[in-house]
Amino acid sequence: MAPINMEFVKFLTVVIALLPAHAQCSILDLLVYTSEFPVSKLAVEEGSPGRLYVGCENQFVQLDSSLLEKTKLTIGPKYDTDKCFPPIGDTSCNQGQSRVSNIVKVLAINKLHNYIVMCGSVYQGLCSVHPLSNITHSQYFEETDHASYIGSQKSSTAFFGPPPRIINNTSRRMLYAAIATYDRSEDKFSPRTISTREIAYDPVNISNSSIQYFYENDDKREYSYLSVTSTIQSRFKVTYLFGFELNGYGYYLSIQPAEIDVSRSSYVTKLIQFCTDDTVYKTYVETAIKCSKGLFAYTIATAAHIQKSDNMYRLAVSFVRPKTGTMEADTDYGSVVCLFDMADVRTHFNELQKFCSNAGLGTYPWWLYGSQETCQLSSSTVSSFWLIT
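Basis of the calculations
Chains are numbered independently. Their residues run from 1 in the order of the written sequence. Whole-chain, interface and lining totals are the exception, using all residues; otherwise, since this is a predicted model, local features are given only for residues with pLDDT of at least 70 and side-chain atom pairs are given and counted only at 80 or more. Side-chain numbers here rest on the full set of heavy atoms in the structure, without hydrogens or water. Each helix is a run of H or I in the DSSP string that is no shorter than four residues. Each strand is a run of E no shorter than two, and both are numbered from the N terminus. Residue contacts are counted whenever heavy atoms from the two residues lie within 4.5 Å of one another. Only the protein chains shown count as cover for residues, and the accessible areas themselves come from Shrake-Rupley with a 1.4 Å probe. For this analysis, a salt bridge means a side-chain nitrogen from Lys or Arg found within 4 Å of a carboxyl oxygen belonging to Asp or Glu. Remark: exposure states derive from per-residue accessible area (1.4 Å probe, protein chains only) relative to the maximum for the residue type, with buried under 20%, exposed over 50%, and partly exposed in between. Strand pairing is assigned whenever DSSP identifies at least 2 bridges connecting the two strands. A pair of sulfur atoms, both from cysteines and within 2.5 Å, is called a disulfide here. Each residue gets a pLDDT score, which is the predictor's confidence in that residue and runs from 0 to 100. Whenever a nitrogen or oxygen atom comes within 3.5 Å of another N or O atom, the pair is scored as a polar contact, on the condition that within protein one atom can donate a hydrogen and the other can accept it, and that pairs from neighbouring residues in sequence are kept only if both atoms are in side chains. Here, the term nonpolar core denotes a set of buried Ala, Val, Leu, Ile, Met, Phe, Trp, Tyr and Cys residues that are joined through side-chain atoms within 4.5 Å. Patches here are clusters of residues that have more than 30% relative accessible area and form no salt bridge, with a 9 Å joining cutoff for like charges and a 5 Å cutoff for nonpolar side chains (Val, Leu, Ile, Met, Phe, Trp, Tyr). When charges are counted, Lys and Arg contribute as positive and Asp and Glu as negative, whereas His and the chain ends are disregarded. The atom standing in for a charge is NZ when the residue is Lys, CZ when it is Arg, CG when it is Asp and CD when it is Glu. Axes here mean lines fitted to C-alpha atoms, for a helix over just the part in contact, with angles spanning 0 to 180 degrees between N-to-C directions.

K.L.:
Describe the overall build of the protein, listing the residues and the values that go with them.
P.N.:
Summing up its helical and strand segments, the protein has three helices and 27 strands in all. A sequence separation of at least 24 residues applies to 55% of the contacts in the protein between residues at least 6 apart. Total accessible area on the protein stands at roughly 19300 Å², and carbon and sulfur atoms take up 50% of it.

K.L.:
Describe the pattern of salt bridges, and please don't skip the residues or the numbers.
P.N.:
According to the stated counting rule, one finds twelve salt bridges in the structure shown. Among the salt bridges present, the one from Glu186 reaches Lys188, with a minimum N-O distance of 3.8 Å. A residue is classified by how much of its surface remains accessible, and Lys188, at 40% relative accessible area, is partly exposed. Here the residues in one salt-bridge network are Glu36, Glu69 and Lys72, joined through shared partners.

K.L.:
Can you tell me about the pairing of strand E20 (residues 267-275), naming the residues and giving the values?
P.N.:
In terms of residue burial, E20 counts as a mostly covered element, since eight of its nine residues are buried. Across nine bridges, the pairing between strand E19 (residues 249-257) and E20 is antiparallel. By the bridge assignment for E20, Ile255 is matched with Thr269. Relative to strand E21 (residues 285-289), E20 is paired through five bridges, and the arrangement is antiparallel. Across the sheet, residue Thr269 finds its bridge partner in E21, namely Ile289.

K.L.:
Please give an account of the state of the cysteines that cites residues and values.
P.N.:
A full pass over the atoms with the stated rule returns two disulfides. Paired through a disulfide, Cys119 and Cys127 show a sulfur-sulfur distance of 2.0 Å. The sign of the S-S torsion, about 105°, decides the handedness of the disulfide formed by Cys119 and Cys127: right-handed. Residue Cys291 pairs covalently with Cys338 via a disulfide, S to S 2.0 Å. Disulfide Cys291-Cys338: torsion about the S-S bond near 75°, hence right-handed. One end of the pair, Cys291, is in strand E22 (residues 291-293); the other, Cys338, is in strand E26 (residues 335-341), and 47 residues separate them in sequence. Cys338 carries the same exposure label as Cys291, and that label is buried.

K.L.:
Lay out the sheet that holds strand E9 (residues 127-131) in plain terms, naming residues and giving numbers.
P.N.:
Ordered in space as E7-E8-E9-E10, the four strands form an open sheet in which the pairing is antiparallel. Sheet topology places strand E7 (104-110) and strand E10 (139-140) at the edges, where each strand pairs with a single neighbour. As defined by bridge partners, E9 adjoins E10 across two bridges and the pair is classed as antiparallel. The residue of E10 that forms the bridge with Ser128 is Tyr140.

K.L.:
Provide a residue-level description of the confidence of the model for the protein, including the pertinent values.
P.N.:
When pLDDT is averaged along the protein, the result is 86, and 85% of the positions lie at 70 or above. The low-confidence segment residues 1-27, where pLDDT is below 50, has 22 contacts with residues more than four positions distant or belonging to other chains.

K.L.:
So what about the side chain of Glu286? Which residues, and what values?
P.N.:
In this fold, Glu286 is placed in strand E21. Within polar-contact distance, the side chain of Glu286 engages the side chain of Lys270 at 3.2 Å. Side chain to side chain, Glu286 and Tyr284 meet in a polar contact 2.7 Å long. Excluding residues that lie within four positions of it along the chain, Glu286 makes contacts with Gln256, Lys270, Leu271, Ile272, Phe349, Leu352, Pro365 and Trp367.

K.L.:
Which residues make up the nonpolar core, and what values go with them?
P.N.:
Membership of the largest hydrophobic core comes to 23 residues, with the highest contact counts inside it found for Leu253, Leu315, Val317, Phe319 and Phe340. Looking at this core, the elements that each hand over two or more residues are strand E18 (239-246), E19, E21, strand E24 (300-309), strand E25 (312-320), E26 and helix H2 (342-358). Per-element accounting of this core gives the leading share, five residues, to H2. The contacts of Val317, once residues within four sequence positions are left out, are Leu253, Ala301, Ala303, Ala304, Val336, Val337, Cys338 and Phe340.

K.L.:
Please set out a negative patch on the surface residue by residue, giving values where relevant.
P.N.:
On the surface, Glu142, Asp145, Glu216, Asp218 and Asp219 cluster together to form a negatively charged patch. Structurally, the position occupied by Asp145 is in the loop between E10 and strand E11 (156-161).

K.L.:
For the pairing of E26, give the residues involved together with the corresponding values.
P.N.:
Counting buried positions along E26 gives seven out of seven residues, so the element sits mostly inside the fold. Neither face of E26 is exposed, since Ser335, Val337, Leu339 and Asp341 on one face and Val336, Cys338 and Phe340 on the opposite face are all buried. Looking at chain direction, E25 and E26 are connected through seven bridges and run antiparallel. Within E26, the residue paired with Val320 across the bridge is Ser335.

K.L.:
Any chance you could break down the sheet that holds E19 for me, citing the residues and the numbers?
P.N.:
As summarised here, the arrangement of the four strands in space is E18-E19-E20-E21, forming an open sheet in which the pairing is antiparallel. The sheet is open, and its two edges are formed by E18 and E21, each paired on a single side. For this sheet, the mean inter-axis angle between neighbouring strands, taken without regard to orientation, is 25°. The sheet contacts of H2 involve E18, E19, E20 and E21, and relative to E21 the element is tilted by about 120°.

Put into structure tokens, the structure is as follows:
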């Protein structure tokens, strides 16, 4: 059985605590699925038939709504190296290849077009596409284009959302992705840090499916992505935990160095926002968030979930107190969960953007240009309330 993730157990406790007061249950009869390998990612199909997709070490599993295994795909171990384009065989690359486990890093469901994207930790994070009905039918995207890389040895997250309204086609879906790239030594293997991509999916002949960045205009120097500047890329040790779309905005939760001098910097949790109508990320903005309990500040996020309750959307985030100068949890302080009202989040970001605009400054982060950002709204914070330890 896979090791129990105690942060996830605590998170389930929050979900139970938020059940309506009128919910009655004398015995909690749980459905159980046991994996022989550690589980790294879960994705649940919304609506009927409500299938569950499980990403494990070296396995990709499809369950029905009763958690019964329907099909399983072995995805590793694989021969791999960070010096060659995939796929890597015994003779195709002679630069330090070794046989390693493949850990599922991204599972993103496109319910509208009935497929799921899976990205692992091998092959530079190369992604594959699978029909929701049967994940054993699969196709890797183009191996030599880093638009196909969304998985990471470090961290990555991705989700599907609506397209910019300018294209006037509500049947299309964009894939929004955030990827840690500080372990990438060569640009040809390094995908963009924050990006919008589009998948052309062919359900009849899945081998014709492809992926690309949504917009690239070299003449105007406009692109549907942002990247960490090369001068600090190897030192910008960011973790992307969670991403979602809500009411025309995309959001990411990240942990990143607080200052440009990353050798001396502490780490902070930041909530990122951008408008999905913005094809070139001019609306990108980020702000630090934390959770407080008594005199103590909990500043490093460990898990998150977006929930709707009473027509309100709240972002639940679990936090720990870090050991000085690290992202490692200080276990003496345990962990806490705070809820952030997304209406308050939008108000905060509106105030931040207005402040920066009036000051004649943009809201792009310091890691984009390699110079410390000067536009910060320190007098205003996103309101939250502590929920549980």
